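The chain contents come next:
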Amino acid sequence: MSKEINYAKMSPAEVRGLIRRQKITGPTTGMCDGYAQGNLVVLPKALAWDFLLYCQRNPRPCPLLEVIDAGGREFAEFAPGSDVATDLPRYRVYEGGELTGEYTDVSKFFEERDDLVSFLIGCSFSFESALLEAGIPVRQIEEGVNVPMYDTNVPCRSAGVFHGNMVVSMRPIPYRQVSAAVAITAAMPRVHGAPLQIGSPESIGITDISRPDYGDPVTIREGEVPVFWPCGVTPQNAVMRSRPDFCITHAPGHMFISDVKNVSLKY
C-alpha cells in the first residue's frame, strides 16, 4: 500500500475504480475504513449448489454474503455497479485444481463462458476497523504486510465434493485487550465472528507460528498473545481439494471492497 495515499479514508467506489484501472494491485487490508471486505470464489454452475451447501454448513469460516446468478458480474446488493472480474486487486485461476495463473483482470474468462457463479464470502478484514476504533492494534496494518494465515487440523463439514480443514488468520493482541477483541468480533458473525483459538496454536495443528501458510509473518511483541480467527481462505482450500475443472478466487489478502458498512453486519 502506498504511504503517500490514504486509502483508509477513500470510499469503496473510489478504491474499486483504482483497482479496476490497476492502480492498486496489492493487499486491501486497512483500506476503506468501516466498509466490509469479502473473499471471492467463482465456480461453474454445475458445482455451485454443493458449494452453497458447504458455506451454509460452515458459516464461521465461510460466511456467505451474496451470490451472483450464472454469468453475472455485479454484486448488486453489496456494491451496485461493481464488476467482479475487474474490481479485486489480484485473482488466482485454477484448472483441474492446479494454479494456472494470477491476474489483475479476469474478464476474458467470463467472456469465454456463461456458466460462472460468483460467491462473496465475509472477510476478517471487515472487523479490523472496529478493533482499531477500540484502540486494539492490528499488526499487519502497522507493518504494511498481508495478514498471516495458517492451515489447521480443525475439520469442516463436507458438502458434495467439497471438504477440508479450516484456515485461520492471526493477529497478536495485548493480553489486557483480548477480552475486548473477542467481544467486538463475536458481534460480527457475518465476517467470521469470535476467535477460534487464543494463545495455543499447537492445539489447532500450527507447529511454527513464524511461518504462515499464506500471507506474511508479523511481529508478536512481549505481552501479546496470538489470536486466531476463522478465515475465508477455508473455502478456497475446499475448492482445491475437489479439483474442479475451473475456478477463480481472490489472491490471499486481495479482497473485494463493498459499499456496505461493517456495522450493518453485526447482530
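Our structure's up above, just so we're on the same page.
Parameters at a glance
Residues numbered from 1 in each chain as written. Predicted model: local features only at pLDDT ≥ 70, side-chain atom pairs only at ≥ 80, totals over all residues. Heavy atoms only, no water. Phe/Tyr/Trp six-rings, centres within 6.5 Å; stacked < 30°, edge-to-face > 60°. Helix = DSSP H or I, 4+ residues; strand = E, 2+ residues; numbered from the N terminus. Buried < 20%, exposed > 50% of the residue type's maximum accessible area, 1.4 Å probe, protein only. Contact = heavy atoms within 4.5 Å. Polar contact = N/O pair within 3.5 Å; in protein donor to acceptor, adjacent residues only side chain to side chain. Pairing = 2+ DSSP bridges. 1 Å grid on protein atoms, 1.4 Å probe; cavity = no way out; pocket = protein on both sides within 12 Å on 5 of 7 lines; lining within 4 Å. Points joined across faces, edges and corners; volume = space filled by probe spheres on them.

Draft legend 1. Just the packing of aromatic side chains, in detail. The final tally for this structure, using the stated rule, is 8 aromatic pairs. Between Tyr54 and Phe162, the ring centres sit 6.4 Å apart and the planes meet at 55 degrees, which makes this aromatic pair tilted. You can see Tyr54 sitting in helix 2 (residues 45-57) and its partner Phe162 sitting in the loop between strand 6 (149-155) and strand 7 (165-174), a full 108 residues away along the chain. As far as burial versus exposure is concerned, Tyr54 and Phe162 are alike and both buried. Ring geometry for Tyr150 and Phe228: centres 6.0 Å apart, planes at 75 degrees, overall edge-to-face. With Tyr150 in strand 6 and Phe228 in strand 9 (residues 224-230), this residue pair connects regions lying 78 residues apart in the sequence. Across the pair, exposure class does not vary: Tyr150 and Phe228 are buried alike. Each residue in the set Phe51, Tyr54, Phe119 and Phe162 is aromatic and connected to the rest through ring pairs, giving one cluster.

Draft legend 2. Highlighting helix 1 (residues 12-20). Looking at helix 1, one finds that the buried residues are Pro12, Val15, Arg16, Gly17, Leu18 and Ile19. Where helix 1 is buried, its residues contact strand 1 (35-44) and strand 11 (256-261). Positive phi appears at Gln22, one or two residues downstream of helix 1, with a value of about 60 degrees.

Draft legend 3. Fine view of the side chain of Thr29. Within the fold, Thr29 resides in the loop between helix 1 and strand 1. Separated by 3.2 Å, the side chains of Thr29 and Glu128 make a polar contact.

Draft legend 4. Fine view of the pairing of strand 9. Within strand 9, 7 of the 7 residues are buried, leaving the element largely enclosed by the surrounding structure. Relative to strand 9, strand 7 runs antiparallel, the two sharing 7 bridges. Residue pairing in the sheet places Ile173 in a bridge with Val225 of strand 9. Bridge count between strand 8 (residues 197-198) and strand 9: 2 bridges; the pairing is antiparallel. Note on strand 9: the bridge partner recorded for Gln197 is Phe228.

Draft legend 5. Layout of empty space enclosed by the protein. Applying the stated criterion across every chain yields a total of 1 cavity of 30 Å³ or more. What lines the largest cavity is Asn39, Cys123, Ser124, Phe125, Val147, Met149, Cys231, Gly232, Val233 and Met255.

Draft legend 6. The arrangement of the sheet that holds strand 9 in detail. Strands sit in the order 6-7-9-8 across an open sheet of 4 strands; the sheet is antiparallel. Every interior strand has two partners, whereas the edge strands, strand 6 and strand 8, have only one.

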